[in-house]
Amino acid sequence: MSGDADSALSNMRTQMERAQEYAEVTENVFKRLLHPERTLEVSLPVLRDTGEEEIFKGYRCQFSGARGPYKGGVRYHPTVTMDEVIAMAGLMSSKTALVRLPYGGAKGGVVCNTKELSRGEIKRLTRRYTEGIRRMIGPKVDIPAPDMNTGPREMAWMMDTFSVYEGYTVPEVVTGKPLEIGGTPGRVEATGRGVAIITERILEYHGRSPENATIAIQGFGNVGSWAGRLLAARGAKIVATSDVTGGIYHPKGLDTHDVAEHVEDGGQVASYEGDVEPITNEELLRLDVDVLIPAAISNAVTRRVAEELQADIVVEAANGPTTPGADEVLAERDIPAVPDILANAGGVIVSYLEWVQNTQEYRWTLEEVNADLERRLTSAFDEMVDAYADYETPDLRTAAYTISLDRQATAHEYRGLFP
Ligand code: NAD
């Protein structure tokens, strides 16, 4: 039995080990798949507005490059650790393999609290971090993207800093850029759109539809709010949502656009003044709904929560929201959980489409991007449920990881071991 207190890295390895018995992977190659290829730690001196210099810690991990250039987001958060960055880079390697992108996996992070930094300080930190990792990244090597607390603004600064050193503009070095400098239509809402597509698929797989399905979403940030709005547009009732300060509930469904507007104006979910009741995050996770979507933090669904939750289906929008211990409980209780490496892969898929457009110096329409996203996610979903049936894995996550392991192992076998 697995506990709940394990690190992100040991959770990731547990998930890979569970899939190992179903995958065609030799012991030798499996050992390689468990270990990151390289991890860089950088110290970043940044001038604060007070005139004082502060040293921030930053990381970039390139986990696996067997299937193509490394790809992964950059996270700004006070709790970032090297261990977490490595685990998230491993998760990216599994994700890109599962949705058949020609990429490996990477992740970056800076230990900082963006709420305590001015715009100018974040800009200087971003430029210094980019300088710190610039020997490691590049359009054919490793392509960063946004993650928690980074977005188009930070990607623009990263692209500019990298380009200054190269001596010419290199839009394809990062994805998630603003439209005017090589961003793609559809990137901002891509992860939430992917969550909505996958939620619809899993409901259909169980003979239901999003029409009138009740859904609770933990976290109403970028991913949660777009998933909520797009699912509401498909007829679902988003009965509850939350942020770090607490949540709101309405049994007939929230006005997701109004709540999103309130949050975009700087408001907190709990202070939304509509026809709603307050609810805690703990209560939200245990609501009797058709679908629970954790879209905030890692390890939200612990063994204890898994024992008590009443949702029929879980769709993982956040990275690593369910602990391995909770996975065991959900499998015992026959509650399907669509894993993060599929459910939130919409972001990296549209990042890939942005990179393709940049390398071709060509622009697609929003309709083309969305259609490509839906096609890729739908076929990855079909492959996952087929693997679940064929291999009789205990849960969907193990099926998804089995596919990823197979694809990564095949790449390693073809390429061979150097020297
Ligand atoms: P965000 O910062 O826009 O939103 C996060 C939301 O979670 C906010 O509402 C925040 O208040 C809430 N939250 C934070 N701590 C919480 C807590 N302890 N309890 C309850 N709520 C809490 O971030 P995002 O971009 O929406 O990302 C959310 C999750 O999705 C993260 O796990 C991220 O790694 C994952 N993800 C994001 C993307 C993307 O493209 N943005 C892609 C893949 C995965």
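Our structure's up above, just so we're on the same page.
To start, this report covers the structure provided alongside it.

Cut-offs and rules
Residues numbered from 1 in each chain as written. Predicted model: local features only at pLDDT ≥ 70, side-chain atom pairs only at ≥ 80, totals over all residues. Heavy atoms only, no water. Near = heavy atom within 4 Å. Polar contact = N/O pair within 3.5 Å; in protein donor to acceptor, adjacent residues only side chain to side chain. Areas by Shrake-Rupley, 256 points an atom, 1.4 Å probe, with all protein chains shown as cover. Nonpolar A, V, L, I, M, F, W, Y, C, P; charged D, E, K, R; others polar. Axes fitted to C-alpha atoms, helices over the stretch in contact; angles between N-to-C directions. Helix = DSSP H or I, 4+ residues; strand = E, 2+ residues; numbered from the N terminus. Parallel < 35°, antiparallel > 145°, perpendicular 65-115°, else oblique. Left-handed = near helix turned anticlockwise from the far one by under 90°. Contact = heavy atoms within 4.5 Å. Patch = residues over 30% accessible without salt bridge, like charges linked within 9 Å, V, L, I, M, F, W, Y side chains within 5 Å. Salt bridge = Lys/Arg side-chain N within 4 Å of Asp/Glu carboxyl O. Lys, Arg positive; Asp, Glu negative; His and termini not counted. Charge placed at Lys NZ, Arg CZ, Asp CG, Glu CD. Buried < 20%, exposed > 50% of the residue type's maximum accessible area, 1.4 Å probe, protein only. Pairing = 2+ DSSP bridges. 1 Å grid on protein atoms, 1.4 Å probe; cavity = no way out; pocket = protein on both sides within 12 Å on 5 of 7 lines; lining within 4 Å. Points joined across faces, edges and corners; volume = space filled by probe spheres on them. Right-handed = clockwise from strand over helix to strand, strands pointing away. Phe/Tyr/Trp six-rings, centres within 6.5 Å; stacked < 30°, edge-to-face > 60°. Lys NZ or Arg CZ within 6 Å of the ring centre and 35° of its normal.

### Focus: the site of the ligand
Phase 1 of the analysis: Around the ligand there are 20 residues in total, and R75, T191, N222, V223 and N319 lie nearest to it.
Phase 2 of the analysis: In the environment of the ligand, an oxygen atom lies 2.7 Å from a nitrogen or oxygen atom belonging to the side chain of T191.
Phase 3 of the analysis: G221 has a polar backbone atom sitting 3.4 Å from an oxygen atom of the ligand.
Phase 4 of the analysis: Here the ligand, which alone exposes 830 Å², has 80% of that area covered by the protein.
Phase 5 of the analysis: Counted by class, the shell around the ligand contains eight nonpolar, eight polar and four charged residues.

### What to know about the packing of helix α13 (residues 346–360) against helix α14 (residues 366–391)
Phase 1 of the analysis: At a closest axis distance of 10 Å, the pairing of α13 and α14 adopts a crossing angle of 130 degrees. Considering their axes alone, α13 and α14 lie oblique with respect to each other. By crossing handedness, the relation of α13 to α14 is classed as right-handed. Taking contact as the criterion, the partners of G346, I349, V350, Y352, L353 and Q357 in α13 are, on α14, V369, D372, L373, R376 and L377.
Phase 2 of the analysis: A breakdown of the residues in the contact of α13 with α14 according to their chemical character gives seven nonpolar, two polar and two charged.

### Side note on a negative patch on the surface
Phase 1 of the analysis: On the surface, a cluster of negative charge is contributed by D255, D258, E261 and D265.
Phase 2 of the analysis: Relative to the helices and strands, E261 is located in helix α8 (residues 256–264).
Phase 3 of the analysis: Judged by relative accessible area, which is 48%, E261 ranks as partly exposed.

### A short note on the pattern of salt bridges
Phase 1 of the analysis: This structure, assessed with the given rule, holds 31 salt bridges.
Phase 2 of the analysis: Across the pair E54 and R48 runs a salt bridge whose closest N-O atoms are separated by 2.6 Å.
Phase 3 of the analysis: Relative accessible area serves as the criterion here: at 28%, E54 is assigned to the partly exposed category.
Phase 4 of the analysis: Close ionic contact of R304 with E308 constitutes a salt bridge, the shortest N to O distance being 3.1 Å. One end of the pair is R304 and the other is E308, both in helix α10 (residues 303–308) and four residues apart, which spans about a single turn.
Phase 5 of the analysis: Looking at E308, the relative accessible area reads 33%, which means it is partly exposed.
Phase 6 of the analysis: Salt bridges linked by common partners bring R75, E84, K107 and D147 together as one network.

### Describing the sheet that holds strand β3 (residues 70–77)
Phase 1 of the analysis: Read from one edge to the other, the open sheet built from five strands follows the order β1-β2-β4-β3-β5, with strand pairing classed as mixed. Every interior strand has two partners, whereas the edge strands, β1 (38–47) and β5 (142–146), have only one. On average, each strand axis in the sheet is inclined to that of its neighbour by 25 degrees, with strand direction left out of account.
Phase 2 of the analysis: Bridge count for β1 against strand β2 (residues 53–64) is 10 bridges, and the pairing is antiparallel. What sits directly across from L47, in β2, is E53.
Phase 3 of the analysis: Where helix α3 (residues 82–98) meets the sheet, it contacts β1, β2, β3 and β4 (105–111), and its direction lies at approximately 155 degrees from that of β4.
Phase 4 of the analysis: Seen against the sheet, helix α4 (residues 119–133) touches β1, β2, β3 and β4 and runs at an angle of roughly 145 degrees to β1.

### A few points about empty space enclosed by the protein
Phase 1 of the analysis: Applying the stated criterion to the full structure yields one cavity of 30 Å³ or more.
Phase 2 of the analysis: The wall of the largest cavity is formed by Q15, R18, D327, D395, R397 and T398.
Phase 3 of the analysis: Of all the secondary structure elements, the ones that give two or more residues to the lining of the largest cavity are α1 (8–20) and α15 (396–415).
Phase 4 of the analysis: Its residues assigned to classes, the lining of the largest cavity shows no nonpolar, two polar and four charged.

### Points about the sheet that holds strand β8 (residues 246–249)
Phase 1 of the analysis: Strand order across the open sheet formed by seven strands is β9-β8-β7-β6-β10-β11-β12, with mixed pairing between neighbours. Single-partner strands in this sheet number two, and they are β9 (277–279) and β12 (337–338).
Phase 2 of the analysis: Of the pairings in the sheet, the one linking strand β11 (residues 313–315) to β12 comprises two bridges and is parallel in character. Along β12, the bridge assignment pairs V314 with A337.
Phase 3 of the analysis: Helix α7 (residues 222–233) rests against β6 (214–218), β7 (237–243) and β10 (291–294) of the sheet, and its axis sits at about 170 degrees to β6.

### Quick notes on the pairing of β6
Phase 1 of the analysis: The buried fraction of β6 is high, at five of five residues.
Phase 2 of the analysis: Side chains T214, A216 and Q218 of β6 all project onto a buried face; the interleaved residues I215 and I217 project onto the opposite face, where all are buried too.
Phase 3 of the analysis: Of the strand pairs in this sheet, β6 and β7 are connected by four bridges, and their pairing is parallel. In the strand pairing of β7, I215 is matched with I238.
Phase 4 of the analysis: After leaving β6, the chain enters α7 and then returns to the sheet as β7, a path that is right-handed.
Phase 5 of the analysis: As judged from the four bridges shared by β6 and β10, these two strands associate in the parallel manner. In the sheet register, I215 faces β10, and the bridge partner there is V291.

### Re the packing of aromatic side chains
Phase 1 of the analysis: Counted under the stated rule, the structure contains four aromatic pairs.
Phase 2 of the analysis: A centroid spacing of 6.3 Å and a plane angle of 35 degrees characterise the contact between Y352 and W355, whose relative ring orientation is tilted. Residue Y352 and its partner W355 are located together in helix α13, separated by three residues, close to a single helical turn.
Phase 3 of the analysis: Residue W355 is classed as buried on the basis of its relative accessible area, which comes to 14%.
Phase 4 of the analysis: Taken together, the ring pairs in this structure connect Y103, Y352 and W355 into an aromatic cluster.
Phase 5 of the analysis: Above the plane of the ring of Y165 lies R134, whose end atom (NZ or CZ) is 3.8 Å from the centre.
Phase 6 of the analysis: In this structure, R229 is placed above the aromatic ring of W226, and the distance from its NZ or CZ to the ring centre is 3.9 Å.

Note that all results are geometric; they support no functional claim without further evidence.
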